[in-house]
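Structural characterization, general
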Amino acid sequence: MPRNILFSAHQKRHRTWLPGLGKELSRQNIEAELVVEPPDKDSVHYIIHAPDGPVSDFSGFRNLQAVLSLWAGVEEIVGNPTLKVPLVRMVDPGMVEGMVEWVTAQVLRYHIGMDAHIRNRSGQWLKHLSPPLARHRVVGMLGLGSLGQACLRSLASLNFQLLGWSRTPKSLPCIRTYCGEAGLRKVLAEADIVVLLVPLTPATTNLFNRKSLAFAKPGLSIINSGRGALIDDDALLDALDCGRISHATLDVFRIEPLPPEHPFWANERISIWPHIASETRVETAARILVRNIARHMNGGTLENVVNIQRGY
Ligand code: NAP
Ligand code: GLV
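About the cut-offs
- Residues numbered from 1 in each chain as written.
- Chains lettered and ligands numbered in written order.
- Predicted model: local features only at pLDDT ≥ 70, side-chain atom pairs only at ≥ 80, totals over all residues.
- Heavy atoms only, no water.
- Helix = DSSP H or I, 4+ residues; strand = E, 2+ residues; numbered from the N terminus.
- Rg over C-alpha atoms; globule rule 2.2 N^0.38 Å.
- Buried < 20%, exposed > 50% of the residue type's maximum accessible area, 1.4 Å probe, protein only.
- Contact = heavy atoms within 4.5 Å.
- Areas by Shrake-Rupley, 256 points an atom, 1.4 Å probe, with all protein chains shown as cover.
- Lys, Arg positive; Asp, Glu negative; His and termini not counted.
- Charge placed at Lys NZ, Arg CZ, Asp CG, Glu CD.
- Pairing = 2+ DSSP bridges.
- Axes fitted to C-alpha atoms, helices over the stretch in contact; angles between N-to-C directions.
- Near = heavy atom within 4 Å.
- Parallel < 35°, antiparallel > 145°, perpendicular 65-115°, else oblique.
- Left-handed = near helix turned anticlockwise from the far one by under 90°.
- Nonpolar A, V, L, I, M, F, W, Y, C, P; charged D, E, K, R; others polar.

Our next topic: the overall build of the protein chain. For the protein chain, the helix and strand inventory stands at eight helices and 12 strands. The C-alpha atoms of the protein chain give 21 Å as radius of gyration, which agrees with the globular expectation for 312 residues (20 Å, within 12%). Projecting the C-alpha coordinates of the protein chain onto the three principal axes gives extents of approximately 70 × 40 × 35 Å. Burial analysis of the protein chain (312 residues in total) assigns 49% to the buried set. Long-range contacts, defined as pairs at least 24 residues apart, comprise 63% of the intrachain contacts of the protein chain with a sequence gap of at least 6. Summed over all atoms, the accessible surface of the protein chain reaches about 15,700 Å², with 53% contributed by carbon and sulfur. In the protein chain, 34 positive and 29 negative side-chain charges are present, and the distance between their average locations comes to 8 Å.

Attention shifts here to the sheet that holds strand 4 (residues 66-69). Taken in spatial order, the five strands make up an open sheet running 2-1-3-4-5, and their pairing is parallel. This sheet does not close on itself; its edge strands, each paired only once, are strand 2 (33-35) and strand 5 (87-88). Pairing of strand 3 (residues 44-49) with strand 4, which is carried by four bridges, proceeds in the parallel orientation. Its bridge partner being in strand 4, Ile48 is matched across the sheet by Leu68. Sheet contacts for helix 1 (residues 14-27): strand 1 (4-8), strand 2 and strand 3; angle to strand 1, the most-contacted strand, approximately 155°. Contacts between helix 8 (residues 282-297) and the sheet are confined to strand 1, strand 3, strand 4 and strand 5, with strand 3 contributing the most and set at about 155° to the helix.

In the neighbourhood of ligand 2, the contacting residues comprise Trp71, Ala72, Gly73, Met95, Arg227 and His275. Considered on its own, ligand 2 offers 200 Å² of accessible surface; in the complex 86% of this is hidden by protein.

Moving on to the packing of helix 1 against helix 8. Look at helix 1 against helix 8: their axes get within 9 Å of each other, and the N-to-C directions meet at 50°. One element, helix 1, and the other, helix 8, form an angle in the oblique class. Both helix 1 and helix 8 take part in a crossing whose hand is right-handed. In contact with Thr16, Trp17, Gly20, Leu21, Glu24, Leu25 and Arg27 of helix 1, helix 8 contributes Val282, Ala285, Ala286, Arg287, Leu289 and Val290. Classifying every residue of the contact of helix 1 with helix 8 gives eight nonpolar, two polar and three charged.

By themselves, these observations are geometric and do not establish any function.
This is how it looks when you write it as structure tokens:
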């Protein structure tokens, strides 16, 4: 029986992904067909999946071996009751590189105090707003996975004082690491800038709420490139109003695109990005996807399999 890899993502992705994956399949000599409309469900052994594609019910695919997500965040699929095979999340070197650039840029924006000068037309010589060195600025990274750790390496090269927070204890060079609720409070209380790069799970939903934000060092800046629902919107607006949080840069939202009537649009202390911190890059990710499928077809184990109970 032919082995088909079903590409199930929005049609707008076909133009770049189908040639990219096709090239990798022949480069890596894989005996499988890449299809968007399989002749029958039994012929499908792997599904490359994005939540905006046609497949959301996996129950009819009797020979399915694995579902490989085009996205790093898998919160939209991890709880799918019809998913009975391993789910693989995206770990793409191109995406990591993009996230490092975006996060480093956002941290530097706050650190250097760029906005005050870029927008200054007051005629005032703002000499007193000279930035300290990075070695005197504390940055907290919430999430020490493939993205969080890569961003920390970039920030470490600039000498920032770094704090990290994860679910399980970690030991990383030159970074003070914490876990648990008490650890989160410590990071929030000490950091000048905090970056959110944890996945959205039941344990992280509304991670930033009224209670946790009350521990923030006054004037904290927040950068969220994880998921919108990590933050309670109303709690953030209140914390910005009272000055507990000085500014938030948000790339992700509970509803995307962010509806025009959402109060974030009218708040000058919020920068809104349209979920572009870092996309999966076809040129690097196609290689990773095909390599993982090839390993599995040859009897090896899949890499980056999601723990369904944990949710990431
Ligand atoms: P990852 O490698 O799975 O790392 C996740 C990290 O979060 C791990 O360090 C994990 O702790 C920590 N974590 C999970 N649950 C936690 C909890 N309850 N308390 C504390 N820490 C917790 O994920 P990744 O590849 O770095 O990606 C992170 C997220 O970034 C994705 O899930 C996605 O939502 C988001 N993302 C956004 C964009 C964008 O363009 N905006 C692009 C890509 C990804 P342990 O180390 O202890 O397991
Ligand atoms: C993007 O947000 C992703 O999760 O890949």
